[in-house]
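# Chains, contacts and geometry: an overview
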Amino acid sequence: MASLSTLTNPISETCFFLPKSCDLGFSRSKIAPFARSNVFKNSSFSSEGQCSSTFDVPLLSCSEVTERMRTSRESHKAKQLYLAMYSSVSGGITIDPAAMVIPMDDHMVHRGHGVFDTAAIVNGYLYELDQHLDRFVGSATMAKIQIPFDRESIRQILIRTVSVSECRNGSLRYWLSAGPGDFQLSPSGCHRAALYAIVIKDQSPPDHSGIRVVTSSIPIKPPQFAVMKSVNYLPNVLSKMEAEENDAYAAIWLDSDGLVAEGPNMNVAFVTKEKELLMPRFDKILGGCTAKRVAVLAANLVKEGKLRGIRVENVSVEDGKRAEEMMLIGSGVHVRSVVQWDEEVIGNGREGPVTQALLNLLLEDMKSGPPTVRVHVPY
């Protein structure tokens, strides 16, 4: 009899039938505990009507599920470690990755009715937590999710989760969903909105080398959805995949007017030939917290004479490709030089000096910026 691990076709392409409960030797009212070796024998029927074995599906207890999930995680060498997770459904924090789960009937899972945000953890401080939290609350309001806690309670939960994780350098990611309840379209059957948070330790070394981007053929989200940070990231994923399929790092979206918009999870900025920092307007795209902070830090370069000014306005593709420098800005990518867009080389084809200066300013701000952007975590 074939096991799940020996199947040559995906389960979705395999025809099988679960036997009726009466064929299994137990009734619905009394089900005896199953040992690991006990399985449901699944069958398919030949054209002659003969039943033939296909594979086995075990019936697992809760402890067996947990143990299998733990074994699966331990056998997979991931680039990220999950150090702690908070769930309002369970009402607490866990440091066991096998327990870092959410209910399948949570509407964020099967309807995409949820929002999220993030914050970097740098030397035991949360960077721009309050700025991201403000956007998080705004996204939840636009998504019509009833926030189950006040803002300060959410803030304390997030800080506490990082504290329990003992992570001093990493990232915090958090979600607010319509909550678990049922598999209907409307959230009216959800018990209560749910808050989740997880602390992530990325083991990949930072890379700030110049990258290539392409123009995305995936339609950009309408402004109503683009300006909120919802979990509906399928367009973003497809855009990223399109870039990778073309040996590029990211794909750049254009808006409905053909103007430069944003990347799949980062903002775009340019340094013009007149030495001005130029960013696309935020009215049709996500207002990047890191991009806005970089614009503030860029004032230092204006004082030093490395920039003549800072502008936020519409940017055409032609102006973007003619720029002296191009960069991607985001909480994950920080500030990274773009050296080629489609077939056009940007500037001299090397990492730009202003881009590098902005990266240094941002990294320094993350380590020693003012209290308005750095929140201490009491470990």
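Residues numbered from 1 in each chain as written. Predicted model: local features only at pLDDT ≥ 70, side-chain atom pairs only at ≥ 80, totals over all residues. Heavy atoms only, no water.

## Description of the sheet that holds strand β17 (residues 374–376)
Spatially, seven strands are ordered β4-β3-β8-β7-β5-β6-β17 in an open sheet, and the strand pairing comes out antiparallel. Here the strands that pair on one side only, and so sit at the sheet edges, are β4 (92–94) and β17. On average, each strand axis in the sheet is tilted by 25 degrees relative to the strand beside it, whichever way the strands run. Both strand β6 (residues 125–127) and β17 contribute to a ladder of three bridges, which runs antiparallel. Within β17, the position partnered with Y125 by the bridge is H376. (Pairing = 2+ DSSP bridges. Helix = DSSP H or I, 4+ residues; strand = E, 2+ residues; numbered from the N terminus. Axes fitted to C-alpha atoms, helices over the stretch in contact; angles between N-to-C directions.)

## Some words on unusual backbone geometry
Trans is the common state for peptide bonds, and a negative phi is the common state for residues other than glycine. In this model, N123 sits at a positive phi of 55 degrees, which is unusual for a non-glycine residue. Secondary-structure assignment places N123 in the loop between β5 (114–122) and β6. Since its relative accessible area comes to 43%, N123 is described here as partly exposed. (Buried < 20%, exposed > 50% of the residue type's maximum accessible area, 1.4 Å probe, protein only.)

## Description of the packing of aromatic side chains
Here the structure, examined in full by the defined rule, presents three aromatic pairs. For the pair F136 and Y174, a centre-to-centre distance of 4.9 Å together with 80 degrees between the ring planes defines the contact as edge-to-face. In this pair, F136 sits in helix α3 (residues 129–142) while Y174 sits in strand β7 (residues 170–177), placing the two residues 38 residues apart along the sequence. The class for Y174 is buried, based on a relative accessible area of 0%. Seen from their ring centres, F270 and W341 are 6.4 Å apart, and the 25 degrees between their planes marks the pair as stacked. Note that F270 is positioned in strand β11 (residues 267–271) and W341 in strand β15 (residues 334–341), a separation of 71 residues in sequence. For W341, a relative accessible area of 0% corresponds to the buried category. In this structure, R192 is placed above the aromatic ring of F149, and the distance from its NZ or CZ to the ring centre is 5.3 Å. Lying over the aromatic face of F282, K292 brings its terminal NZ or CZ to 5.4 Å of the ring centre. (Phe/Tyr/Trp six-rings, centres within 6.5 Å; stacked < 30°, edge-to-face > 60°. Lys NZ or Arg CZ within 6 Å of the ring centre and 35° of its normal.)

## Remarks on a nonpolar patch on the surface
Judged by side-chain polarity, I102, M104, V109 and F183 come together as a nonpolar surface patch covering roughly 380 Å² of accessible area. On the secondary structure map, V109 appears in helix α2 (residues 107–110). (Patch = residues over 30% accessible without salt bridge, like charges linked within 9 Å, V, L, I, M, F, W, Y side chains within 5 Å. Areas by Shrake-Rupley, 256 points an atom, 1.4 Å probe, with all protein chains shown as cover. Salt bridge = Lys/Arg side-chain N within 4 Å of Asp/Glu carboxyl O.)

## Some details on the nonpolar core
Core analysis: the biggest nonpolar cluster contains 28 residues, and L126, L129, F136, L158, L172 and Y174 have the highest contact counts within it. For this core, the elements supplying multiple residues, two or more each, are β3 (80–87), β5, α3, α4 (151–165), β7 and β8 (194–202). Considering every element that reaches this core, the biggest residue donor is α4, with five residues. Contact partners of L172, with chain neighbours within four places excluded, come to D117, T118, A119, I121, L126, L158, V162, A197, I198 and V199. Listed in part, the 24 residues of the second largest apolar core include V271, A291, V294 and L297. (Core = buried A, V, L, I, M, F, W, Y, C linked by side-chain atoms within 4.5 Å. Contact = heavy atoms within 4.5 Å.)

None of the figures reported here should be taken as evidence of function without further support.
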